[in-house]
Amino acid sequence: MPESPNTVIHLDPDAMLRGRARRVIPGGLWGHLNAARLPEGYPQYYARAEGCRLWDVNGREVVDFMSSWGPIVLGHHHPAVEQAARRQADLGDCMNGPAPVLVELAERLVGLIAHADWCLLAKNGTDATTACVTIARAATGRRKVLVARGSYHGAVPWCSPSLAGVTAEDRAHLVSYDYNDIASVEAAVAEAKGDMAAILVTAFRHDMALPLELPDPAFAQALRTICDQQGAALVVDDVRAGFRLHMAGSWETVGVRPDLSAWSKAIANGHPLAAVTGAEWLRQAATQVFTTGSFWCGAVPMAAALATLGELERIDGPATMAAMGQRLRDGLDALAARHGVPIRQSGPPQMPLVLFEGDAGFRLGDAFCSAALAAGAYFHPRHNMFLNCAHTEADIDRGLQAADAGFAAVARLG
Ligand code: PMP
């Protein structure tokens, strides 16, 4: 029916917020959380979160399988974490220097993380990966950093996936290799011609829109050996996987210890914090590099981190998430088979990815996610998802019910 001039269009709260945002925020929202990058029907704005449930501003409740893209590891609004944060907030947060909780947390991280002799704290994963690169260069006096093609390490010019506003000079000393491909690393080492400061590697291969790949233990060991031979730093970017796969560092699962690690996301169950942990030989360089930020000594996230790490250890968070992730994976396989829809699941069960066979344009993945969302579960079609410790068997089963609707929608597309 043609709209008459008097037609009143009723926008829902999410649409109204998006409309207002478009006028004052470039693109409506910066970065990866922009709902324009998500399948149809996905909300942009949220009203509330609890455990593994999210409520959007339109009042819809979903079982959350993204966990805020990683930070939520115990569940949204975890009581022990929020109580620790509130207690510290009552005392002080952003002061002229840190609170005692800084030392307690640094001791905790150094005790917990297998390779760590010291640690620095920051805010974002990008702060941590950037500091690792800078410390490795300061320690070795060399410039080249080997980075896997397609790996994400942050949102500043040296590593941003967008080249807008980035100069060739920003990346002049990066040399590419392919994840899990030792020959490509050897070629990159040769290209670096004795000027190699570090090899940077993610905990596993989690490039967007590709099947996830765990590190081959022989590849991990080869990186360790090459760094030892070359006097370079092995840097594991554990920002995404840290504290989900293993409490002492993700590469404990392959028996390889890095010289430096970058942490963030899950470290404080949603409170803003990042960390760099390092081996003894890099301590002096870490002292010399000027690394700081106005909010980097904030005490509240540190108190939240102590509570988060304590709870994760108490309940064996990685094993808890692995068990629920496996239940999800098995259930999805069974549903896909029942609907006659071939899928490919990959990654560790705590951080799963579901891709549809022959789905180059993500038409099937998007249809699956939109229908599952309407039926009550928030999945992602292209990016690895994140289990958290609040997922119970009942929540997984609720998610599978929604997935059933998703597979039915895909089967209808044929
Ligand atoms: N490294 C990895 C592996 C990441 O997944 C991310 C964030 N997705 C970062 C670094 C950057 O972290 P942040 O967004 O907190 O700066």
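Residues numbered from 1 in each chain as written. Predicted model: local features only at pLDDT ≥ 70, side-chain atom pairs only at ≥ 80, totals over all residues. Heavy atoms only, no water.

Participant: How should I be thinking about the overall build of the chain in this particular structure?
Facilitator: Counting secondary structure elements, the chain contains 11 helices and 13 strands. Relative to the 2.2 N^0.38 estimate, which gives 22 Å for 414 residues, the radius of gyration of the chain is 22 Å and therefore close to what a compact globule would have. Projecting the C-alpha coordinates of the chain onto the three principal axes gives extents of approximately 70 × 55 × 45 Å. When each of the 414 residues of the chain is scored for burial, the buried share is 54%. Here the chain displays about 18,200 Å² of accessible surface, and carbon together with sulfur accounts for 54% of that area. Counting 35 positive and 43 negative side-chain charges, the chain places the centres of these two groups 4 Å from one another. (Helix = DSSP H or I, 4+ residues; strand = E, 2+ residues; numbered from the N terminus. Rg over C-alpha atoms; globule rule 2.2 N^0.38 Å. Buried < 20%, exposed > 50% of the residue type's maximum accessible area, 1.4 Å probe, protein only. Areas by Shrake-Rupley, 256 points an atom, 1.4 Å probe, with all protein chains shown as cover. Lys, Arg positive; Asp, Glu negative; His and termini not counted. Charge placed at Lys NZ, Arg CZ, Asp CG, Glu CD.)

Participant: How do you make sense of the pattern of salt bridges when you look at a structure like this?
Facilitator: Opposite charge on two side chains permits them to pair, given that their charged atoms come into close proximity. Per the counting criterion, the structure on display carries 17 salt bridges. Across the pair Asp395 and Arg53 runs a salt bridge, and its minimum N-O distance is 2.8 Å. Placement of Asp395 in helix 11 (residues 393-413) and of Arg53 in strand 2 (residues 53-56) is noted, with a sequence separation of 342 residues between them. Here Asp395 falls in the buried class, since its relative accessible area comes to 9%. The partner of Arg382 in a salt bridge is Asp366, with the nearest N and O atoms 3.5 Å apart. With Arg382 in the loop between strand 13 (377-378) and helix 11 and Asp366 in helix 10 (residues 363-374), the pair connects residues that are 16 residues apart, well separated along the chain. (Salt bridge = Lys/Arg side-chain N within 4 Å of Asp/Glu carboxyl O.)

Participant: What should I look at first to understand the layout of surface pockets in this one?
Facilitator: Space left empty within the atom packing is revealed by a probe, the size of a water molecule, rolled over the atoms. Quantified by volume, the second largest pocket comes out at close to 210 Å³. Lining the second largest pocket, in full, are Pro98, Leu102, Ala106, Cys119, Leu120, Leu121, Thr291, Thr292, Trp296, Cys297 and Met302. Every element with two or more residues in the lining of the second largest pocket is listed here: helix 3 (101-112) and strand 4 (118-122). No other element matches strand 4, which puts three residues into the lining of the second largest pocket. Among the residues forming the lining of the second largest pocket, the class breakdown is nine nonpolar, two polar and no charged. (1 Å grid on protein atoms, 1.4 Å probe; cavity = no way out; pocket = protein on both sides within 12 Å on 5 of 7 lines; lining within 4 Å. Points joined across faces, edges and corners; volume = space filled by probe spheres on them. Nonpolar A, V, L, I, M, F, W, Y, C, P; charged D, E, K, R; others polar.)

Participant: How should the site of the ligand be read in this particular structure?
Facilitator: In the vicinity of the ligand, the residues found are Asn124, Gly125, Thr126, Tyr152, His153, Gly154, His206, Asp237, Val239, Arg240 and Lys265. Tyr152 is positioned such that a nitrogen or oxygen atom in its backbone is 3.5 Å from a nitrogen atom of the ligand. A distance of 2.6 Å separates a nitrogen atom of the ligand from a polar side-chain atom of Asp237. The fraction of the free accessible surface of the ligand (390 Å²) that becomes covered by protein chains is 87%. In terms of residue class, the shell around the ligand is built from two nonpolar, six polar and three charged. (Near = heavy atom within 4 Å. Polar contact = N/O pair within 3.5 Å; in protein donor to acceptor, adjacent residues only side chain to side chain.)

Participant: I keep staring at the domain arrangement of the chain and nothing clicks. Help me out?
Facilitator: By a widespread convention, an interface's size corresponds to the accessible area lost as its parts come together. Each assigned domain of the chain is listed here: domain 1 (13-69 + 317-413) and domain 2 (79-314). Look at where the C-alpha atoms of domain 1 and domain 2 centre, and you get two points 27 Å apart. Each partner contributes to the interface: domain 1 provides 23 residues, whereas domain 2 provides 17 residues. Summing both partners gives a buried area of about 1,600 Å² for domain 1 against domain 2, and 69% of it is carried by carbon and sulfur. Its largest share of buried area at the contact with domain 2, domain 1 owes to Pro318, Pro348 and Met351, together 28% of the area lost on that side. Inspection of the region where domain 1 meets domain 2 yields zero salt bridges. Counting across the interface, domain 1 meets domain 2 through eight residue pairs in polar contact (both at pLDDT 80 or more). Broken down by secondary-structure element, the contributors of at least two residues to the side of domain 1 that touches domain 2 are helix 9 (317-339), strand 11 (343-346) and strand 12 (353-356). For the side of domain 1 that touches domain 2, the leading source of residues is helix 9, giving three residues. (Domains from an automatic or database assignment. Contact = heavy atoms within 4.5 Å. Buried area = accessible area lost by both parts, 1.4 Å probe.)

Participant: Can you walk me through a nonpolar patch on the surface in this structure?
Facilitator: There is a patch of nonpolar side chains on the surface, built from Ile9, Leu11 and Met16 and spanning about 310 Å² of accessible area. You can see Met16 is positioned in helix 1 (residues 13-24). (Patch = residues over 30% accessible without salt bridge, like charges linked within 9 Å, V, L, I, M, F, W, Y side chains within 5 Å.)

Participant: Mind showing me how you'd approach helix 2 (residues 79-91) here?
Facilitator: The end-to-end C-alpha distance of helix 2 is 19 Å, a good match for the 18 Å that 13 residues give at a rise of 1.5 Å each. For helix 2, every residue scored as buried is listed here: Val81, Glu82, Ala84, Ala85 and Gln88. Seen end-on, helix 2 carries its buried residues on one side only, within an arc spanning 160 degrees. For helix 2, the exposed residues set more than 90 degrees away from the buried face come down to Pro79, Arg86, Arg87 and Asp90. Contacts from the buried residues of helix 2 go to helix 3 and helix 8 (299-315). Where helix 2 ends, the next residue or the one after it, Gly92, has phi of about 155 degrees, a positive value. (Expected span 1.5 Å × (residues − 1). Arc of directions from axis to C-beta.)

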